[in-house]
Amino acid sequence: MKRFALLAAILLLFTCLFGLPAFADEPVKADAKAAVTETKSDAKATDAKATDASVKETAPEAAATTEAVATDAAAAAETAAPEPPKVDTGDTAFVILSAALVMLMTPGLALFYGGMVRKKNVLSTIMHSFIAIGLVSVLWVLYGYSLAFGPDINGLIGSLSWAGFNSVGADPNPDYAATLPHNVFAMFQLMFAIITVALISGAFAERMKFSAFLLFSALWVSLIYFPLAHWVWGVGGWLRTLGALDFAGGTVVHISSGVSGLVLAIMLGKRRGLGTTPMPPHQLPMTVLGAGLLWFGWFGFNAGSALGANGLAGSAFVTTNTAAAAAAMAWIFAEWIRQGKPTVLGAASGAVAGLVVITPAAGFVTPMSSIIMGVLAGIICYIAVVLKPRLGYDDALDAFGIHGVGGTFGAIATGIFATTSVNSLGADGLLYGGDLLTKQLIATGATYAFAAVGTFIIYQIVNAIFKARVSAEDEETGLDISQHGEEGYPDFVVHGGISSFSFVESSATAKSPAKEMVHGH
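Residues numbered from 1 in each chain as written. Predicted model: local features only at pLDDT ≥ 70, side-chain atom pairs only at ≥ 80, totals over all residues. Heavy atoms only, no water.

- In the nomenclature of an unreviewed UniProt entry, the protein chain corresponds to Ammonium transporter from the organism Heliobacterium chlorum.
- In its Sequence similarities (unreviewed entry) section, the UniProt entry covering the protein chain states "Belongs to the ammonia transporter channel (TC 1.A.11.2) family." (UniProt positions renumbered as here; feature names shortened; annotations may be inferred.)

1. Regarding the pattern of salt bridges
- Enumeration according to the criterion identifies eight salt bridges in this entry.
- Measuring nitrogen to oxygen at the nearest pair gives 2.8 Å for the salt bridge that ties Asp398 to Lys388. Of this pair, Asp398 sits in the loop between α13 (367-391) and α14 (399-417) while Lys388 sits in helix α13; the two residues are 10 residues apart in sequence, bridging distant segments of the chain. For the pair Asp398 and Lys388, one class covers both residues: buried.
- Between Glu475 and Arg469 there is a salt bridge, and its shortest N-O distance comes to 3.0 Å.
- Salt bridges linked by common partners bring Arg118, Glu206, Arg207, Arg271 and Asp394 together as one network. (Salt bridge = Lys/Arg side-chain N within 4 Å of Asp/Glu carboxyl O. Helix = DSSP H or I, 4+ residues; strand = E, 2+ residues; numbered from the N terminus. Buried < 20%, exposed > 50% of the residue type's maximum accessible area, 1.4 Å probe, protein only.)

2. Brief notes about the environment of Ile442
- Relative to the elements of secondary structure, Ile442 occurs in helix α15 (residues 436-465).
- Measuring from C-alpha to C-alpha, the distance between Ile442 and Ile412 comes to 9.8 Å, with 30 residues separating the pair along the chain.
- Once you skip the residues sitting within four places of it in the chain, Ile442 turns out to touch Trp238 and Leu242. (Contact = heavy atoms within 4.5 Å.)

3. Let's talk about the packing of aromatic side chains
- If you walk through the whole model with that rule in mind, you get 26 aromatic pairs.
- Seen from their ring centres, Trp140 and Phe149 are 6.4 Å apart, and the 75° between their planes marks the pair as edge-to-face.
- For the ring pair Phe192 and Trp233, a centre distance of 6.1 Å and an interplane angle of 80° mean the geometry is edge-to-face. Within this pair, whereas Phe192 is found in helix α6 (residues 182-200), its partner Trp233 is found in helix α7 (residues 210-233), the two being separated by 41 residues in sequence.
- Judged by its relative accessible area of 1%, Phe192 is buried.
- Grouped by ring-pair contacts, the aromatic residues Trp140, Tyr143, Tyr145, Phe149, Trp162, Phe165, Tyr176, Phe185, Tyr225 and Phe226 constitute a single cluster. (Phe/Tyr/Trp six-rings, centres within 6.5 Å; stacked < 30°, edge-to-face > 60°.)

4. With respect to empty space enclosed by the protein
- Counting across every chain of the model gives two cavities of 30 Å³ or more.
- Each pocket or cavity is described by its volume, and for the largest cavity that value is around 40 Å³.
- Residue lining of the largest cavity: Met105, Leu109, Ile195, Leu199, Val253, His254, Leu294, Trp298, Phe301 and His403, and that is the complete set.
- When residues of the lining of the largest cavity are assigned to their parent elements, the largest contribution, three residues, is made by helix α10 (residues 284-303).
- For the lining of the largest cavity, the residue count by class is eight nonpolar, two polar and no charged.
- Val232, Ala244, Leu245, Asp246, Thr251 and Ala443 together form the lining of the second largest cavity.
- For the lining of the second largest cavity, the per-class residue count stands at four nonpolar, one polar and one charged. (1 Å grid on protein atoms, 1.4 Å probe; cavity = no way out; pocket = protein on both sides within 12 Å on 5 of 7 lines; lining within 4 Å. Points joined across faces, edges and corners; volume = space filled by probe spheres on them. Nonpolar A, V, L, I, M, F, W, Y, C, P; charged D, E, K, R; others polar.)

5. Describing the nonpolar core
- With 123 residues, the main nonpolar core has Phe112, Trp140, Tyr145, Phe149, Trp220, Tyr225 and Phe301 as its most contacted residues.
- The biggest single contributor to this core is α7, with 18 residues.
- Residues in contact with Trp140, not counting those within four places in the same chain, are Tyr145, Ala148, Phe149, Phe165, Ala186, Gln189, Leu190, Ala193, Tyr225 and Phe226.
- Formed by nine residues, the second largest nonpolar core is a distinct cluster that contains Ala384, Tyr393, Phe400 and Ala451. (Core = buried A, V, L, I, M, F, W, Y, C linked by side-chain atoms within 4.5 Å.)

In structure tokens form, the structure reads like this:
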């Protein structure tokens, strides 16, 4: 029955979204090409009247006058007709590659998170990230892209004009990217939506049912992420119109996921045994590999947000790497001072914190500003993680401590360090005499409120359909077995030397007694 309930809930979601009368947008204005045609027609009509008058007044010079008017009309028409948007192959190749890099970040996140949990929960943790690719990709084409970037409705949401990728083809949309095919721009933006859903899962790792996670993710991305993306990035979105800046997702991706993760962590409660049972990361090499893939993919995340192979992309590339490096160094020095030893996990966490903080600012700040932001990010996020036990919530993998806190600092720091000398389409921050900081604070506050309240309501709906938290028995067994019926690591007990050895295999899912096998070198 629960499966039928899940299916019914998802079908209800689709029906509500596609059937809302509010999305029946007003007819879109005539496109630029039609406007140009009308301008040409008016010009020709005016020129024709002028020619007739000239012929009547100066019959002997009619032929010369007509030829001169025709020449002028042709020149005027040529001047009035703007160049149609043209796809640039270099920009297109660059953004396709950037989209692929951002997509790789989600499997990277799966490894980053997977290594930090206990081994009995590694597959379930990886599954949260991996299945987000499938779920969000389908919803994005069905209606998500249209709600996020479609024709504006009152600054709050896009219409369903582009549902099913209708009118999202090979021709550029100059409102967003005049040198890219519209579908390439749409696919690039999809990758941001995917990883945002995956990021939330770090907060409630090791204790949420997979069925509840799936329904929550579908509702959250539809009701929180898509509208928020429109507010910040969509043409007509109220935060974009306000003038708030978010180059690659400080508010849309990191604050929203961090705050939503915190709400879920509080609502679900702490993991059983936290504070009394050791819960160290089971596979730190996996976590570091994931952090490396995140760092690598983040170049597509930030530099790709320039939407072209240009100087702005180069600037974002520099600031992204610099902030990550500075934050990694700051984090390990902070824990070295406090704990007496720098850790590999700290270096990986610090690098991610720096990447988070620079995300909203990457295309607006100088390299020196990125160093300052990175150093402060490493220290601030480290403090947030250290204070977590004292504050009494179980943000298992520090989704809020790194992404929520880091995203918040990054959005505010953008209002301080941004400068039009880097990006003339941006704005000057506090250090350069601008008023951007106020706008950044408004955007940050609005994101906190929307994500927190929306997540609370969605959780209540999901928990009413499925009890969101796994049972005590399932949690003790591990979510790999209880939710997916498989193990990441069957246990092997090794006996013998290098040249020959034997091992005993035991598995929680094995139906037969453990058996000894002998292997030769």
